[in-house]
Each structure stands twice: as C-alpha cells, then as structure tokens.
Amino acid sequence: MSVYGSFPGTRPRRLRTTPTLRRMVAETRLHPADLILPAFVREDISEPVPISAMPGVVQHTRDSLRKAAVEARAAGVSGIMLFGVPTEEKKDALGTAGTDPDGILQLAIRDVRAEVGDELVIMSDLCLDEYTDHGHCGVLDAEGRVDNDATLERYAEMAQVQADAGVHVVGPSGMMDGQIGVVRDALDTIGKEDVSILAYTVKYSSAFYGPFREAVGSSLTGDRRTYQQDPANVRESLRELALDLEEGADMVMVKPAGPYLDVLAKIADAVDVPVAAYQISGEYAMVEAAAERGWIDREKALLETLTGIRRAGAQMILTYWATEAAGLLRAQR
C-alpha cells in the first residue's frame, strides 16, 4: 500500500507533539486574572492560625491579611473574597457582629482597601452564618426555621455597612429568596450604585463544605437543606439564575465547582454576564490530602482542576490556590 494512502489519514496526535504546539492550539487558557483568593480574617489573634483541614490556609490576623492581599496583587490575581471570623462571645441569634461598622469583616475591608486600593477587587461574603450562635445563614423563627424575609432585612444592613467600608463587590451567599433585589435596593438607597453584586446563584447543599466550617469557626447544628439547593437538581438552577438576573445581579456564581461542572456549563451558556465558580474547601482538601500521601502530583492536579472549571465556562474562579496558581501560570509563560 502506498504511504500516501496509509491508514490513518487523520492524525490528531500531530498537534500534540511539542509543548509549544500544544500551547498554541489550546482551547482553554487559564490566566492569573481569572483567579480570586478567598481569605479568612479572625478577630483577636496575634498570629495566623493554620486550618488543619486545609493545609496551607490560615485564619489571618489583620496584618497578615494585608500581606496576603499584596501578594495576591503582585501575582496577578484579580480579586480577594473576605470572610470574617468573630469571637464566640460576639455571636448571637441575629448575627449583629455582621452589621457592626467596626466588626471584623468591615475592619478587614478597610484594611485591604487602604493597602491595595483599586488594584485588587475587594469582595465580601454577605451572609450571617459566621456571626450567628446557631450557625445558620439567617434569622430563625419561633419554630427554629430560617425566616427568609426577616433575614433579608439583615442582609440589607450588611450590604450597607460593607459598602461603607469600601468593598467593590458584595457576595450574597445565603440563598434567601429575593436577596439580590433587596441588596441592590439597599445599596442604591445609600448612593452605592457602583458596588457590584456577585450573586451566589447556584449554591448546593454539599458535603464538600466540611473544612470551611473549621475555617469560619461555624456554630452550625443541623444542615442547610431548606435553603441551599438540592444536589439532584439542575433545572432549579436555571430558575434561580433567571430570578437573580431579574433582580439585578451583575455576576453569577456556581458553588461548589468541581462536582457541578455540568451545571456551570449550562449557566455559562445561558447568560451574558460574567460567571464565577467557587472551588470550595473540600475540593481543595482532597487534592492536598492525596498529594500529601504521594498519590498525585500536587501542582499538576491543582492546575488541572482549575483548567477544568475554566473550560466548563467560568470566567472567574474562587480558589484557595489563587496566589500559588497564579505564580505557576506565570512561570509557564
């Protein structure tokens, strides 16, 4: 048989022969600017406190948080999502520490804004779970259920104090019905029309949040299945998406990321606003644990997970590896 008529005639492997060729034809590109660093800041500590379930991640002091923000900016990371961790004695049924202008999250926002200005997009978790003594994301009614509308009033207050502290983007994460519209109205009422809303549009009730509970010192008893989304559902996600967009969301998010790439792809295909995905604590911890045991190549695995999230349609990825991953990506150029 002639060499010109040999089988196979089409050889996709031709485009995989060298690293430079593979890079040239890559369909998905991960860039440091795609990344957002979630960070925890804890009240009344003098040194960063390691989170045992999340190797390499700490509860920051205000000083170490400022340094982490500077490092993220220098690495080319686009944003930082801040979570406050108050002392136990400041937690109460209404989560009032979350709306205290001098609460730990508001202080942290001011600190980071003073340190990096507009060179890093400063985002804030807008939720009550860190501040309530029952650990739920809202106010409880007389029967111990989360009261949606009473919680919205608290979210409005939180949005306003976070905006006054200097945040660029608020992230309502409690999965209350109507939260985006209420937060938008609350911001506009005080002249903060320029503060954006990153809607936690699809937030599943997931087993992968476990390490996060340690990170924020959660007081949760029970679960959040009455307000976070059922992992079995997809169409429900599109309904939540339509509502958030109608209420004024500037960006939307899917959380967790890895177990829900199918949902992320559907959301990304359906919208013309920026789409984020949150690679959560359990996703991070699994890779770290496997790498610690020598079962996987840690750096390759973390970049592969992030590339998969980007390929599924996320324009922004919240990941605890943000600063490190940005450095690895810059080294590959």
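The rules behind the values
- Residues numbered from 1 in each chain as written.
- Predicted model: local features only at pLDDT ≥ 70, side-chain atom pairs only at ≥ 80, totals over all residues.
- Heavy atoms only, no water.
- Helix = DSSP H or I, 4+ residues; strand = E, 2+ residues; numbered from the N terminus.
- Rg over C-alpha atoms; globule rule 2.2 N^0.38 Å.
- Buried < 20%, exposed > 50% of the residue type's maximum accessible area, 1.4 Å probe, protein only.
- Salt bridge = Lys/Arg side-chain N within 4 Å of Asp/Glu carboxyl O.
- Pairing = 2+ DSSP bridges.
- Right-handed = clockwise from strand over helix to strand, strands pointing away.
- Contact = heavy atoms within 4.5 Å.
- Expected span 1.5 Å × (residues − 1).
- Polar contact = N/O pair within 3.5 Å; in protein donor to acceptor, adjacent residues only side chain to side chain.

Draft legend 1. Region of the structure containing the overall build of the chain. What the chain contains, in helices and strands, is 11 helices and 10 strands. Relative to the compact-globule value of 20 Å for 333 residues, the chain shows a C-alpha radius of gyration of 21 Å, a close match. Each of the three principal axes of the chain carries a C-alpha extent, and together these read 85 × 45 × 40 Å. Buried positions account for 52% of the 333 residues belonging to the chain.

Draft legend 2. Representation of the pattern of salt bridges within the structure. Applying the stated criterion across every chain yields a total of 15 salt bridges. Residues Asp-111 and Arg-66 are paired through a salt bridge, measuring 3.2 Å at the closest nitrogen-oxygen approach. Of this pair, Asp-111 sits in helix H3 (residues 104-116) while Arg-66 is found in helix H2 (residues 62-75), placing the two residues 45 residues apart along the sequence. Using a relative accessible area of 10% as the deciding quantity, one classes Asp-111 as buried. Two residues, Asp-118 and Arg-113, come together in a salt bridge whose shortest N-O distance is 2.8 Å. Overlapping salt bridges, with partners in common, bring together Arg-62, Asp-63, Arg-66 and Asp-111 in one network.

Draft legend 3. View of the pairing of strand E7 (residues 196-203). With 7 of its 8 residues buried, E7 lies for the most part within the structure. Bridging between strand E6 (residues 169-172) and E7 involves 2 bridges; their strand directions are parallel. If you follow Val-170 over to E7, its bridge partner there is Ile-197. Between the parallel pair E6 and E7, the chain is carried across by helix H5 (residues 179-189), and the sense of this crossover is right-handed.

Draft legend 4. A look at the side chain of Thr-87. The topology assignment puts Thr-87 in the loop between strand E4 (79-85) and H3. Look past the residues within four positions of Thr-87 in its chain and what remains in contact with it is Glu-43 and Asp-44.

Draft legend 5. Representation of unusual backbone geometry in the model. Lys-255 connects to Pro-256 through a cis peptide bond whose omega is -5°. Counting through the fold element by element, Pro-256 comes out in the loop between strand E8 (251-255) and helix H8 (261-270). With phi around 60°, Asp-44 is a residue other than glycine that occupies positive phi space. Mapped onto the elements of the fold, Asp-44 is located in the loop between strand E1 (35-42) and strand E2 (49-50). You can call Asp-44 exposed: its relative accessible area is 66%. Its identity is not glycine, yet Met-175 carries a phi of approximately 60°, on the positive side. Within the fold, Met-175 resides in the loop between E6 and H5. According to the relative accessible area criterion, Met-175 is buried, its value standing at 6%.

Draft legend 6. Helix H10 (residues 298-311), seen in detail. Over its 14 residues, H10 runs 20 Å from end to end, which matches the ideal 20 Å to within 8%, given 1.5 Å per residue. When we look at burial in H10, the residues that qualify are Ala-301, Leu-302, Leu-303, Leu-306, Gly-308 and Ile-309. Buried residues belonging to H10 abut H8, strand E9 (275-278), helix H9 (281-292), strand E10 (316-318) and helix H11 (322-332). At the N-terminal end of H10, a side-chain oxygen is found 3.3 Å from the backbone nitrogen of Glu-299, two or three residues along, and the residue is Asp-297.

Draft legend 7. Local environment of H9. Spanning 12 residues, H9 covers 16 Å between terminal C-alpha atoms, matching the ideal 16 Å at 1.5 Å per step. Taken as a whole, H9 has its buried residues at Ser-281, Gly-282, Glu-283, Tyr-284, Ala-285, Val-287, Glu-288, Ala-290 and Ala-291. Packed against the buried residues of H9 are helix H6 (210-215), E9 and H10. Directly beyond the C-terminal end of H9, a positive phi value near 75° is found at Gly-294.

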